[in-house]
Amino acid sequence: MNKTAEIYFTFIVTATGALLSGCATCNGLALDTVGPLLPQPPAANSPDGILIVYSAYEANADFNSRNPDLPEYSDYKILTADGKPLQRVRNNSGTILQDPVSVELPPGKYQVIACANGYRNLIVPVMIETQQSTVLHLEGGGFWSGESAFSQPNAVRLPDGQIIGWKAAANL
């Protein structure tokens, strides 16, 4: 093999290994159930709760969006507690700020499959409570109102320490 072919081969093997190891780290990750911060003022007048997922930003620009200069949150899936597909969420509110979508769901336990910054797709169990908002921050470095209230026992964290949500009341 010539020098260029060796360098190319080494690069391909290294890149493939990095991609495969990145996927492997997500599959064995067990996270606590994320729920709403309790108590909080009612989020709606319906008996449903609200799920807001700040998923990782899309890798490619959407030049058809309202503002192609702003990043968009990636789409995600909602599954029932036993893993059956429930809903695919196009995670762009359509506003000028391109906020994530608020999804109304009946109270109960669900699973969210979403892209997390640095972790690819994660399966995160979530608890939806009546008239409460459950928020997931998977975009990396998200802003939390009341972040000072987080402590070791009430925060759900990724292995790198990033807070992604509040533990559901049943897990405290």
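The rules behind these values
Residues numbered from 1 in each chain as written. Predicted model: local features only at pLDDT ≥ 70, side-chain atom pairs only at ≥ 80, totals over all residues. Heavy atoms only, no water. Helix = DSSP H or I, 4+ residues; strand = E, 2+ residues; numbered from the N terminus. Buried < 20%, exposed > 50% of the residue type's maximum accessible area, 1.4 Å probe, protein only. Contact = heavy atoms within 4.5 Å. Areas by Shrake-Rupley, 256 points an atom, 1.4 Å probe, with all protein chains shown as cover. Phe/Tyr/Trp six-rings, centres within 6.5 Å; stacked < 30°, edge-to-face > 60°. Core = buried A, V, L, I, M, F, W, Y, C linked by side-chain atoms within 4.5 Å. Pairing = 2+ DSSP bridges. Salt bridge = Lys/Arg side-chain N within 4 Å of Asp/Glu carboxyl O. Axes fitted to C-alpha atoms, helices over the stretch in contact; angles between N-to-C directions. pLDDT = per-residue confidence, 0-100.

Trainee: Got a minute to help me understand the overall build of the chain in this structure?
Mentor: When helices and strands are tallied, the chain shows one helix and ten strands. Per-residue burial over the chain gives 37% buried out of 172 residues. The contacts in the chain between residues at least 6 apart in sequence include a share of 60% that link residues at least 24 apart. Carbon and sulfur atoms make up 57% of the accessible area of the chain, which amounts to about 9,900 Å² in all.

Trainee: Where do I start with the packing of aromatic side chains in this structure?
Mentor: Remark: the centre distance and the inter-plane angle together describe each pair of aromatic rings, the angle taken between the planes. A full pass over the atoms with the stated rule returns two aromatic pairs. Relative to Y73, the ring of Y54 lies with its centre 5.5 Å away and its plane at 80 degrees, an arrangement referred to as edge-to-face. In this pair, Y54 is assigned in strand 2 (residues 49-54) and Y73 in the loop between strand 2 and strand 3 (76-80), connecting sequence segments 19 residues apart. Take Y73: its relative accessible area is 10%, and that puts it in the buried class.

Trainee: What is the right way to read the nonpolar core from this model?
Mentor: A general trend in soluble globular proteins is that nonpolar side chains are found buried together. If you look at the biggest cluster of nonpolar residues, it comprises 25 residues, and the most contacted ones within it are L51, Y76, L122 and L136. Contributing elements (two or more residues each) for this core: strand 2, strand 3, strand 5 (102-105), strand 6 (108-116) and strand 7 (120-128). Excluding anything up to four places from it in sequence, L136 contacts V34, I52, V53, Y54, V112, V124, V126 and I164.

Trainee: How do you make sense of the pairing of strand 5 when you look at a structure like this?
Mentor: Side chains on a regular strand alternate between the two faces of the sheet. Side chains of strand 5 alternate between two faces, with V103 and L105 buried and S102 and E104 left unburied. Relative to strand 5, strand 2 is paired through four bridges, and the arrangement is antiparallel. Along strand 5, the bridge assignment pairs L51 with V103.

Trainee: Looking at this structure, how should I read the pattern of salt bridges?
Mentor: Here the idea is simple: oppositely charged side chains can pair when their charged atoms come close. As enumerated under the stated definition, the model contains four salt bridges in all. Its salt-bridge partner being D32, residue K167 comes within 3.3 Å of it at the nearest N-O pair. Placement of the pair is K167 in strand 10 (residues 163-167) and D32 in the loop between helix 1 (3-27) and strand 1 (34-35), with a sequence separation of 135 residues. With its nearest N and O atoms 3.7 Å apart, the salt bridge here joins R88 to D75.

Trainee: So what exactly am I meant to see when it comes to the sheet that holds strand 8 (residues 133-137) here?
Mentor: Pairing between sheet strands relies on hydrogen bonds along the backbone, with the strands arranged either parallel or antiparallel. As summarised here, the arrangement of the three strands in space is 5-2-8, forming an open sheet in which the pairing is mixed. On the outer flanks of this sheet lie strand 5 and strand 8, each paired with one strand and no other. Each adjacent strand pair in this sheet contributes to an overall mean axis angle of 20 degrees, direction not counted.

Trainee: Any chance you could explain unusual backbone geometry here in plain terms?
Mentor: What is expected of a backbone is that most residues other than glycine have negative phi and most peptide bonds are trans. Positive phi, normally seen in glycine, also occurs at R120, with a value near 60 degrees. Its place among the elements puts R120 in strand 7. The partly exposed category is assigned to R120, whose relative accessible area is 38%. Phi at Q131 takes a positive value of approximately 55 degrees, unusual for a residue other than glycine. With respect to the helices and strands, Q131 occurs in the loop between strand 7 and strand 8.

Trainee: Would you take a moment to explain the confidence of the model for the chain for this structure?
Mentor: Low pLDDT means the predicted coordinates in that region are not meant to be read closely. Put simply, the chain has an average pLDDT of 77, and 64% of its residues get 70 or more. Looking across the chain, the model is least confident in helix 1, with a mean pLDDT of 46, and most confident in strand 3, with 97. Here residues 13-27 is a poorly scored stretch, pLDDT under 50, and it has seven contacts once near neighbours within four places are set aside; other chains count.

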